[in-house]
Every structure is written in structure tokens, then in C-alpha cells.
Amino acid sequence: MSTAPSRCVPHCFGLLACAALAAQQPEAVTPEAALGWLRQGNLRHAAHARQTPPPGPGTLRTLAAAERPLAVVITTTDPRLHPESVFDRPLGDLHVLRTPGNVCDPDSLAAVEHAVGALGTPLVVVLAMAGDPVVAEAVDGVELSPSLLRVQERIAPALRRARAEALSGQALRSRCEEENAYQTASDLHARSPLLRAAVRDRRLAIVAARHRLDTGMVEWLPVRPPEAAESPAPPRAKPRNGIPPQIALELLRAGHARFASGQGGRSALDPERRAALGEGRAPYAVVVACSDARVAPEIVFDAEPGDLAVVRGPGPVLSDESLAGLERAAQDGAALVLVLVHAGCDVVQRAVAPRPEAGMSPAGAQLLDKLAPALERARATGSEGAALAERTAAFHAQRFVTEARRRSRLLAGLEHRGRLVLQAARYHPDSGDLEWLPVPAPALPRPDGPLPEDRPAAPPGPELAPAREPHVAAAAGPRTEQPPPAVVELAPGAAPTAAPSRNGGQAAHDAAEGAGPAETPHAAAPDGAEERSSPAPHPRQPLAPATPWLQLLIALSVLSSLALVVLLLRRGRRAEDPAPPADGAG
């Protein structure tokens, strides 16, 4: 009987532990508590007293089991703003969506609905940035690409409300930043019945805020914000870091190696480094990632604020807003575009699973439709189950790269000039590993016309000739179709090298003279022709066309010969005819 109490003690402790864990579940967190934790984390960030350690193996395994975000953060793609650092929250706490100007597109709305409805997230923060260049360009009316103009259309209502207050200069830009944050929060509430119901039931709070780079503080905007104080004007110059794509890829690989080995962790920003961030944007890469809270590119690649421009959305999928983010980062000097999918993506899982007959919002159905081409291609391989989801994610990343090249002349032109590389990878949240995925080779030739990123114009030099259409030269005889220039795929961690010439200097000479590439030594010439290097003409080669003077001379010669023949014939006939009889003979 004495052993009964000893047996009950472990069970009591187990029940207490289960109760404690249940109390810490995200669904038990109120919006007020979540907002309080973000406020405290930002205070630590601004005071250079961050407390978030890098995740260990156990944390990674826990995150791989399920996503339980504390809050959804909708913010800009600017590389100087890192939500996990700004709020001092660990990996897995924030479901982040990053679009230019922190606008709300249909894909972002679908991701927010999923986080609130399926994951029980109690808080949505629309985080603007003081001095956001996208908002400044909308205020100044800068002419941009079609995708960026689409973003400006979403900012236009906020700009009209800001102009109604008779402001100008930096005060107008600052006011527009606030109104734009409120516009996004209002769009979420107005366009989603699911979010409206959650706000009505006090299960969700949607707040607007603005982050200041110079102090690191987050300004939590009230319901009707007062007139904002002026802040330093954003720099108009767009500095370029000038690093080649292979170096940008090595920086990403090195940062991920630190993260995977547990040696990651960014140091707090001192005032000097904050001032340097305020001087301009110069990211070395842009990462397109899912909004899943377990996939934070700044943490996965152990990047400092300012290193990476990040575009985050569900999937991720290519929209006008995400494409505008890529173009903005490329204009700022990013040398690498990385499309990052991850294993166990909830959006991919929903696309693979049979769709429910009811209960799906229009935005959610539209989001899944964007993954349909990749899913159809994956099913054509005969894959099922987990393999089907993995192939769908990989094919979706490849299609993202292809569509980005097709829709953006800026990206395609930079890639053709060797100033940008598009790459894809898959992240495994359970182990922290990174798997590099093959991407389609870029299409040639380069799009015609000037590129907006040429500031200043490059010095004159040899340009790559566009691929020529196959043709038949009349003077040189039949020629084989010229293949397009070889494209060497950049392997992870390897510097791009030029495609090897098939015939050494002769191929270069042929290209300079406008001729087709030299044939390989073992390739047989058509119709039994000799080698290209042989001076002997082709036995079936047609004669070269005669010049006009030569044609005239030949015609005159032929006419003279004909006239001579006619004259001789007439004289011969006269000689054969008998003499006429004399007059009076009879």
C-alpha cells in the first residue's frame, strides 16, 4: 500500500504538464496577448537586447510537425525590414506575407484566411515601413513597369486621402504610408467574410503599424492616426552592390550552412549600421518564399537586414505584386532570384487533395487554380501521395521561373546579360536541409529595346547577336539550320563559365563573319558534301548569279550570233536559187 502514492505522483506531474502545454497552445492565445508579445519583442529589438536563440534540432522537428503561428505579418519586400528580427520572435511564430508597398492581393488574402481559419492565428499586423520607396514612387508619380503600376493602383486610394489633407513633400509621403497600411487592413476586413466573423467574435485583431529603420521602433497606429511627424527623406539613388550571381549564390549557401549547423544568429544592429541601412538599398539576392511561419528566408539563410529582398506569399505563386517585388529588387542590384518551396507546404497539400464541394472561399479556389498546371504535370508522371506533392512543388517552382522570365522583360534581359540568375530550391523544415532544384534554361534571344535598369548606359562593347532564323544562302549553297547558342546551367556554388566552343577559333570566326557555327568533325555533311574547311565547291552547288553587266554582255553576244546565223542562211538560199530568165526570151 505504501507504493500507491509513489505511483500517483508521476501521473499527477504528467497531468500538470499536459495542462501547461494545452494552456500554451496558439488557439488559447488572445489577440491582446499576441500583440503584447510583439510589442515586448520590438522593445528588445530597439534596445539591442534580443533574446531569441537559433533553433535546435528538437525545435525543427516540432515545427515540421505543424504550423502554429502567433501572428500574420503583411509587410513590404524591402530587404532592410526583417519581421522576425523586428519583433524578436523565433522561427515558426510569424506567418509572413511580403508584397511591394505591403498591399493585399488575392493570393495574400487567401493565405491570411487560411492562417486565421485553419491555424487559429489571433493577430494580423499590417507593417508599413517609414521611407518605403514603393510608396514614395507612387506619391511622385514615377513611371514604372506594368507590374509596379499595378501596385501603385492599389496604393492610389490611400494617396487620395493623404492629398486631401493639403500636405506636401515628406509629410505627404509619411501620411500616405499610414493611410496605405490602413487601406490594406480595411481590404482584409472588407473582402473576407471569414475575417470579419473572426473580428466580430473577438478571435482576431487586425492592426496597422509602421517600422522606422533609424530607431528600430514599431509605431503602432491608432484607429485615427494623428498627423505624422516628418522623417528624413528616403534616398532617391539606388546603389548597386555589383557582385556577380555566383557570389550571391555562395553567400546564400554559406548562410544556410551556418543555420543548419546551429551557428547562425544575427547580432543586434548598432546605430552606425542602422544609419548605413538608411542610406539606400543594395540586396545581393531576392528570395520568393511561402508565407508559412516555419519558412523565414532571413533566418534560413542567416542574413543580416539589408542583404535579402524577400517576397512571401502562399505557395509561393506568381502575381503582379510578387513580380513587381522581383523587378524592384533587380533594379536595386540583386544578382540572384531564388524561388524557395518547402516540403509539407499546406498550400500544395490542399491542391493535391480533392477539393471540398463547399466551404472554400473564391480567393482560396483561385489560389489553388494557380497550382493546377504543376499538379497536372506531376500526375502525368504517375506519382501518388507524398511523391505527388513533392513533384508538384518542384514543377511549380520551375513554372514560376519560366513565367517570371516570360512576363518580365527586365528580368529576362538582366539574365541574358549575365547580371542575374534565377534558381529554385526546396527547404525541409524537419531537418533544415536545402535541396537545389533544376530550372529551365533561359530562352534566347534577349528581348529587343532598351532596358530600364541601364543606369548609366554601359560602355560600347560586343553584344550577343540574337539567334537568327534558319535560311538558305543562294551564293553559298544549302546550309544547315543554325542551333541556338549553348546555355550552361549554373550549378549550386559554381561560377558560371562560357559554353565550350565546338571548333575552337574557327567557330568564333564563323560567328563574326555571320556564318553558321562550325560542324562537328564526326557529323556528316548533307547530301555528301565535303567538310566546311575544304575549299572545293559542293558538286551540287548552284552557280552564282551573274552581275548585270555580265548578263548584258551575254545577251549581246547571243543576239550577235543569231544575227550572223540568219545572215548566212539567207546568203546560202540565194546561191541555190536558179538565175531568172532574160527579158524577151520565149
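Residues numbered from 1 in each chain as written. Predicted model: local features only at pLDDT ≥ 70, side-chain atom pairs only at ≥ 80, totals over all residues. Heavy atoms only, no water.

## Let's talk about the overall build of the protein
Secondary structure summary: the protein contains 20 helices and 10 strands in total. Residue pairs at least 24 apart in sequence account for 75% of intrachain contacts in the protein once pairs closer than 6 positions are excluded. As presented, the protein carries roughly 29,600 Å² of accessible surface, and 59% of it is formed by carbon and sulfur atoms. (Helix = DSSP H or I, 4+ residues; strand = E, 2+ residues; numbered from the N terminus. Contact = heavy atoms within 4.5 Å. Areas by Shrake-Rupley, 256 points an atom, 1.4 Å probe, with all protein chains shown as cover.)

## Points about the pattern of salt bridges
Under the counting rule described, the total for this entry stands at 28 salt bridges. In this structure, Asp201 and Arg203 form a salt bridge, with 3.6 Å as the shortest nitrogen-oxygen distance. Several salt bridges converge on common partners, so that one network encompasses Arg161, Glu165, Arg175, Glu177, Glu178, Glu179, Arg210, Arg212 and Glu219. (Salt bridge = Lys/Arg side-chain N within 4 Å of Asp/Glu carboxyl O.)

## Let's talk about the packing of aromatic side chains
Under the criterion given, the structure shown has two aromatic pairs. Their ring planes at 35° and their centres at 6.0 Å tell us that Phe87 and Trp220 sit as a pair that is tilted. On the criterion of sequence distance, the pair formed by Phe87 in the loop between helix H4 (83-86) and strand E2 (94-98) and Trp220 in strand E5 (residues 218-220) is long-range, its members being 133 residues apart. The burial state of Phe87 is the same as that of Trp220; both residues are buried. A ring pair is formed by Phe259 and Tyr427, whose centres lie 6.4 Å apart and whose planes are at 50°; its orientation type is tilted. On the criterion of sequence distance, the pair formed by Phe259 in helix H10 (residues 245-260) and Tyr427 in strand E9 (residues 421-427) is long-range, its members being 168 residues apart. Of the two residues, Phe259 and Tyr427, both sit in the buried class. (Phe/Tyr/Trp six-rings, centres within 6.5 Å; stacked < 30°, edge-to-face > 60°. Buried < 20%, exposed > 50% of the residue type's maximum accessible area, 1.4 Å probe, protein only.)

## Overview of the packing of helix H7 (residues 146-163) against helix H8 (residues 169-191)
Contact geometry of H7 with H8 gives a least axis separation of 8 Å together with a crossing angle of 130°. Judged on the interaxial angle alone, H8 and H7 are oblique. In this structure, H7 meets H8 at a crossing whose hand is right-handed. Note on element contacts: H8 touches H7 through Leu172, Arg175, Cys176, Glu179, Asn180, Gln183 and Arg191, opposite Arg154, Ile155, Pro157, Ala158, Leu159, Arg161, Ala162 and Arg163. Here the residues of the contact of H7 with H8 sort into seven nonpolar, two polar and six charged. (Axes fitted to C-alpha atoms, helices over the stretch in contact; angles between N-to-C directions. Parallel < 35°, antiparallel > 145°, perpendicular 65-115°, else oblique. Left-handed = near helix turned anticlockwise from the far one by under 90°. Nonpolar A, V, L, I, M, F, W, Y, C, P; charged D, E, K, R; others polar.)

## Concerning the pairing of strand E8 (residues 336-342)
The buried count for E8 comes to seven of seven residues, which makes it a mostly enclosed element. Because side chains alternate across E8, one face comprises the buried residues Leu336, Leu338, Leu340 and His342, and the other comprises Val337, Val339 and Val341, equally buried. Sheet analysis places E8 next to E9, joined by seven bridges and oriented parallel. Bridge pairing in E9 places Leu336 opposite Val421. (Pairing = 2+ DSSP bridges.)

## So, unusual backbone geometry
Here the bond from Gly315 into Pro316 is cis, since omega is -5°, no more than 30 degrees from zero. Counting through the fold element by element, Pro316 comes out in the loop between strand E7 (308-313) and helix H13 (320-331). At His48, a residue that is not glycine, the phi angle is positive and equals roughly 60°. Along the chain, the position of His48 falls in the loop between helix H2 (31-46) and helix H3 (57-65). Phi is positive for Asp88, close to 50°, though the residue is something other than glycine. Examined against the element boundaries, Asp88 turns out to sit in the loop between H4 and E2. On the accessibility criterion, Asp88 (1% relative accessible area) is buried.

## Quick look at the environment of Glu165
Examined against the element boundaries, Glu165 turns out to sit in the loop between H7 and H8. Looking at Glu165, the relative accessible area reads 33%, which means it is partly exposed. When the C-alpha atoms of Glu165 and Arg175 are compared, they prove to be 9.1 Å apart, with 10 residues separating the residues in sequence. Ignoring anything within four residues of it in the chain, the contact list for Glu165 reads Arg175 and Glu179.

## Structural notes on H7
Owing to its 3.6 residues per turn, the α-helix brings residues three or four apart onto one side. For H7, spanning 18 residues, the distance from its first C-alpha to its last is 24 Å, which sits close to the expected 26 Å at 1.5 Å a residue. Bending of H7 peaks at approximately 45° at the position of Ile155, with proline Pro157 no more than four residues after it. What H7 keeps buried is the set Ser147, Leu148, Val151, Gln152, Arg154, Ile155, Ala158, Leu159 and Ala162. (Expected span 1.5 Å × (residues − 1). Bend = angle between axes of the 7 residues up to and from the residue.)

## So, the confidence of the model for the protein
Interpretation of the predicted coordinates at a detailed level should be avoided for regions scoring low in pLDDT. Averaged over all residues, the pLDDT of the protein is 76; the fraction at 70 or higher stands at 70%. Strand E1 (residues 71-75) holds the highest mean pLDDT among the elements of the protein, 97, whereas helix H19 (residues 505-513) holds the lowest, 39. Contacts of residues 224-240 to residues separated by more than four positions or lying in other chains number 48 contacts, the stretch itself having pLDDT below 50. Predicted confidence is poor over residues 446-545, with pLDDT under 50, and the contacts of this stretch with residues over four places away or in other chains come to 100 contacts. (pLDDT = per-residue confidence, 0-100.)

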